[in-house]
Amino acid sequence: MERPTIKSPTELEYMREAGLVVAAIHQALIDATKPGVTTAQLDQVVANVVADAGAKPNFLHYQGFPATVCISVNDEVVHGIPGKRAIQLGDIVSYDCGAYVVRAGKKWHGDAAVTVVVGDTHIPDAQFVQGIRPEGEVGGVSPVTLSRRRTLSSVTRGSMWAGIAAAAKAKRTNDVAAAIEDFVEAEGAAIQADQGWSPEIIEGYTGHGIGTHLHEDPTVYNYRTRGRSGKLVAGMAICIEPMVIAGDSTSAVLDDEWTVVTVEGTDAAHWEHTVAIGKHGISVLTASDAGAAGLAPFGITPIRSFI
């Protein structure tokens with residue numbers, strides 16, 4: 001039986017501190033993602049931001065993971081290990097990382113993921129929700145490949161916000177899962193007709209609770225599951241993180257025992273935020289604006305303070 005932990009308002013404020021460090025990491029990674037930079041250099045970017053913030057990286061050495069950030073490129077879905085690989089124009093790159101702060105003698109964690117198409121200008125949430133998307137050519141990159149990767153990231157990002165919005169009123173985690181699945185399926189029909197491929201949610205990799213540990217109960221699926229799912233109540237914090245594939249979502253783990261890839265070599269995208277459920281609403285702890293821009297189309301105003 002899953003046993004989620006309930007945080008006090010003060011403890012959720014500690015988690016916001018960690019979340020804002022993660023938001024800063026994401027911005028630094030977006031700024032540093034250029035053709036020719038290696039994934040090891042990007043890992044150092046994360047380490048520098050965390051150190052400058054007086055926080056600690058929660059991915060480093062977690063269950064043996066050897067880096068501060070998971071960097072997954074093209075057909076890599078999640079848990080990619082940074083190294084000598086140089087990022088190329090047109091690559092679709094997902095960054096999954098986190099940080100913790102120590103407050104009142106305990107570690108308080110934040111965790112989030114962002115996807116970047118190398119060569120595109122990053123679209124902030126306020127513009128993304130207005131339907132603004134990257135346009136134009138990226139030198140030497142196939143227009144078909146570029147369109148697929150842009151669309152894939154957009155669908156995954158949109159499904160994350162649909163799941164977050166559902167959490168504002170959801171009674172159980174399956175309500176969040178249903179919102180994510182419904183969004184991907186609805187978008188998929190139009191994409192199939194227009195581009196000849198369909199986005200698919202990878203199974204077996206999920207969101208989760210978070211608090212004094214990086215991974216806590218409950219499990220937060222990205223697709224409907226049978227049976228009664230975990231309750232969502234005030235004081236909980238969860239990570240909502242859809243991972244979507246451009247086509248067949250069958251996956252495998254490489255010999256490094258970490259990197260998850262698509263079996264057919266199809267592209268993947270990953271978006272994630274840490275979300276707190278307060279007595280008077282939700283707050284996106286890993287968004288600098290608490291999720292205000294991303295939630296605006298749903299008529300939801302996030303709370304800025306738990307105290």
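Residues numbered from 1 in each chain as written. Predicted model: local features only at pLDDT ≥ 70, side-chain atom pairs only at ≥ 80, totals over all residues. Heavy atoms only, no water.

1. Here's the deal with the overall build of the protein chain
Okay, so step 1: Helices and strands together make up the secondary structure of the protein chain, namely six helices and 15 strands.
Okay, so step 2: Over its C-alpha trace the protein chain gives a radius of gyration of 18 Å, about what one expects of a compact globule, namely 19 Å for 307 residues.
Okay, so step 3: Dimensions along the principal axes, computed over C-alpha positions, put the protein chain at roughly 50 × 40 × 35 Å.
Okay, so step 4: In the protein chain, buried positions account for 55% of the 307 residues.
Okay, so step 5: Sequence-distant contacts, at least 24 apart, represent 68% of the contacts inside the protein chain between residues at least 6 apart. (Helix = DSSP H or I, 4+ residues; strand = E, 2+ residues; numbered from the N terminus. Rg over C-alpha atoms; globule rule 2.2 N^0.38 Å. Buried < 20%, exposed > 50% of the residue type's maximum accessible area, 1.4 Å probe, protein only. Contact = heavy atoms within 4.5 Å.)

2. Regarding the sheet that holds strand E14 (residues 273-278)
Okay, so step 1: As summarised here, the arrangement of the five strands in space is E8-E7-E9-E14-E15, forming an open sheet in which the pairing is antiparallel. Unpaired on one side and paired on the other, strand E8 (216-220) and strand E15 (281-284) mark the two borders of the sheet. With direction set aside, neighbouring strand axes in the sheet form an average angle of 25°.
Okay, so step 2: In the sheet, strand E9 (residues 237-240) pairs with E14 via four bridges, with the strands oriented antiparallel. From the neighbouring strand, Cys239 faces E14, where its bridge partner is Thr274. (Pairing = 2+ DSSP bridges. Axes fitted to C-alpha atoms, helices over the stretch in contact; angles between N-to-C directions.)

3. With respect to a negative patch on the surface
Okay, so step 1: The grouping of Glu185, Glu200, Asp248 and Glu264 at the surface amounts to a negative patch.
Okay, so step 2: Along the chain, Glu200 falls in strand E6 (residues 199-201).
Okay, so step 3: A residue is classified by how much of its surface remains accessible, and Glu200, at 34% relative accessible area, is partly exposed. (Patch = residues over 30% accessible without salt bridge, like charges linked within 9 Å, V, L, I, M, F, W, Y side chains within 5 Å. Areas by Shrake-Rupley, 256 points an atom, 1.4 Å probe, with all protein chains shown as cover. Salt bridge = Lys/Arg side-chain N within 4 Å of Asp/Glu carboxyl O. Lys, Arg positive; Asp, Glu negative; His and termini not counted. Charge placed at Lys NZ, Arg CZ, Asp CG, Glu CD.)

4. Thoughts on the packing of helix H4 (residues 143-167) against helix H5 (residues 173-195)
Helix-helix packing is characterised by the crossing angle of the two axes and by the distance between the axes.
Okay, so step 1: Direction vectors running N to C along H4 and H5 enclose 155°, while the axes themselves pass 8 Å from each other. Comparing the axis directions of H4 and H5 gives the class roughly antiparallel. Our pair here, H4 against H5, has a crossing hand that is right-handed. Every residue of H5 that contacts H4 at Ser147, Arg148, Thr151, Val155, Gly158, Ser159, Ala162, Gly163, Ala166 and Ala167 is listed here: Asp175, Val176, Ala179, Ile180, Phe183, Val184, Glu187, Ile191 and Gln195.
Okay, so step 2: When grouped by side-chain class, the residues that make up the contact of H4 with H5 number 10 nonpolar, six polar and three charged. (Parallel < 35°, antiparallel > 145°, perpendicular 65-115°, else oblique. Left-handed = near helix turned anticlockwise from the far one by under 90°. Nonpolar A, V, L, I, M, F, W, Y, C, P; charged D, E, K, R; others polar.)

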